[in-house]
Amino acid sequence: MSVENALHTIELIRCAGKAASAYRTAKHDVREAYEEHSATLAQLQHWTDQNRAMGGGDRASPVRCALLAADHEHHEAARKVRRAEARMRRASAALQAQRPALNRYPSERNRRRATTLLLDRLADHPVDLIRAADLIIIQTSAGKDSIVALHRTVAAAKAAGCLHKVRAMHCDLGAAEWPGVKELARRQAERYGIPFLVVTPDGGFLGMVDNRRRWPDAKRRLCTSKLKRDPTGPVITNWVAELGLDRQAIVVNVMGVRGAESPSRALKARLSLDPRTTSANRLVLTWNIIHELSEQEVWQEIASNSLEYHPIYDTGLPRLSCVYCVLAGPDWLILATRVCFALELTLPDTYAALERRIGHRFKQDFTLNGIIAAARMLDAIEGPLTWRRGDALRRHLGPAAADSYLAGLTR
Ligand code: SF4
């Protein structure tokens, strides 16, 4: 099956799934309305009998009004069912015309399986996927995984002769991030000559916490959904509109997610349909282009291609996240605080003051005040933290790789 046909089939299956779900909802509505209608009819009969017994009918009785309302609901639900039935018929006709084999996948489970199979095959042919796409967006945090994802996407786009389709976007979380992140993300995009957009959600991370008077946590990661995921939708809408297509656009959204990072990330597919952002005018696929890479392989790719990484990795911190990430453990947070001391950043005080003001602990098990006290104590015992440019590569690949990388950067 060609890439175009696979994408078209994925869209048909998606429409069939939507129609099936609308049909189920409408059927449920009509059943409820029917039950209410029957119950009200029984009541009406009761009051009609009563009225007759009393010598006349009351046309404005509450029961009659209730019946009329139930009648209306019933008609409305029946209309919805007819509409859903029409959609189902259209989707089925399209499926039958395009892919008779899809009749084998009438259930939700089969639709999901068929979609997964098709997406898996597409992920095996990145160059063809890029050729078929109208727009390729790289969401970059400027971290080590993002730069490798960016590098690989650009390489595949160049191989496909489609570099003009690639754009990068970065969500700026404001003061919560390490200095220089936004500027680094821009330089990384400029290296390949691709358009770069910074999205700045209102208030950033600290503003969101201040408004909610709560820190996010692993179960309610509002920071990711509100500050990183939600702003993506309008950007895709604008960029798709700029394409001016008279058909559904194929959008590939590249992320630097790796399976080795966590059990939940290991479960993510290399390529998946984004049902939240997909609509009639755009089919959006999420492409975890480096899903199978280990941390070591990421560093190897950075070194081999002289990709500029953020100096914060040289301190021993494993991720270029917010300085204080709500998912980080105490060791990581203490190290981040010591790095702030060494860089003379005031962020620890800002966070500690916010924690006191909102009266909600940064983590259930400890406060940021406790983390800052522990960092001060370690600084007093061991002296301030020091590090050298290239330490991240020295740790992962050895001193020779670090020296050659640094020499490559200055050339
Ligand atoms: S880095 Fe951590 S705190 Fe910052 S947005 Fe991501 S999950 Fe939330």
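The model shown is predicted, which means the values in this text are computed figures rather than measured ones. (Residues numbered from 1 in each chain as written. Predicted model: local features only at pLDDT ≥ 70, side-chain atom pairs only at ≥ 80, totals over all residues. Heavy atoms only, no water.)

1. Notes on the pattern of salt bridges
In total, this model carries 22 salt bridges according to the counting rule given. Between Glu301 and Arg152 there is a salt bridge, with the nearest N and O atoms lying 2.9 Å from each other. Taken together, the residues Glu301 in helix 11 (residues 295–304) and Arg152 in helix 5 (residues 144–159) connect sequence positions 149 residues apart. Its relative accessible area of 15% is what places Glu301 among the buried residues. For the salt bridge of Lys182 with Asp172, the shortest nitrogen-to-oxygen distance reads 3.6 Å. Taken together, the positions of Lys182 in helix 6 (residues 181–192) and Asp172 in the loop between strand 2 (166–171) and helix 6 put the pair 10 residues apart, joining distant regions of the chain. In this structure Lys182 comes out as partly exposed when scored by relative accessible area, which is 33%. When its relative accessible area of 11% is taken as the criterion, Asp172 is described as buried. Connected through salt bridges with shared partners, the residues Glu108, Arg111 and Arg112 form a single ionic network. (Salt bridge = Lys/Arg side-chain N within 4 Å of Asp/Glu carboxyl O. Helix = DSSP H or I, 4+ residues; strand = E, 2+ residues; numbered from the N terminus. Buried < 20%, exposed > 50% of the residue type's maximum accessible area, 1.4 Å probe, protein only.)

2. A closer look at helix 16 (residues 399–410)
Here helix 16 spans 17 Å end to end across 12 residues, near enough to the 16 Å set by a 1.5 Å rise per residue. Looking at helix 16, one finds that the buried residues are Ala402, Tyr405 and Gly408. Taken down its axis, helix 16 places every buried residue within 125° of arc, on the same side. Residues of helix 16 that are exposed and point more than 90 degrees away from the buried face comprise Pro399, Ala400 and Thr410. In this structure, the buried residues of helix 16 make contact with helix 11 and helix 15 (391–397). (Expected span 1.5 Å × (residues − 1). Arc of directions from axis to C-beta. Contact = heavy atoms within 4.5 Å.)

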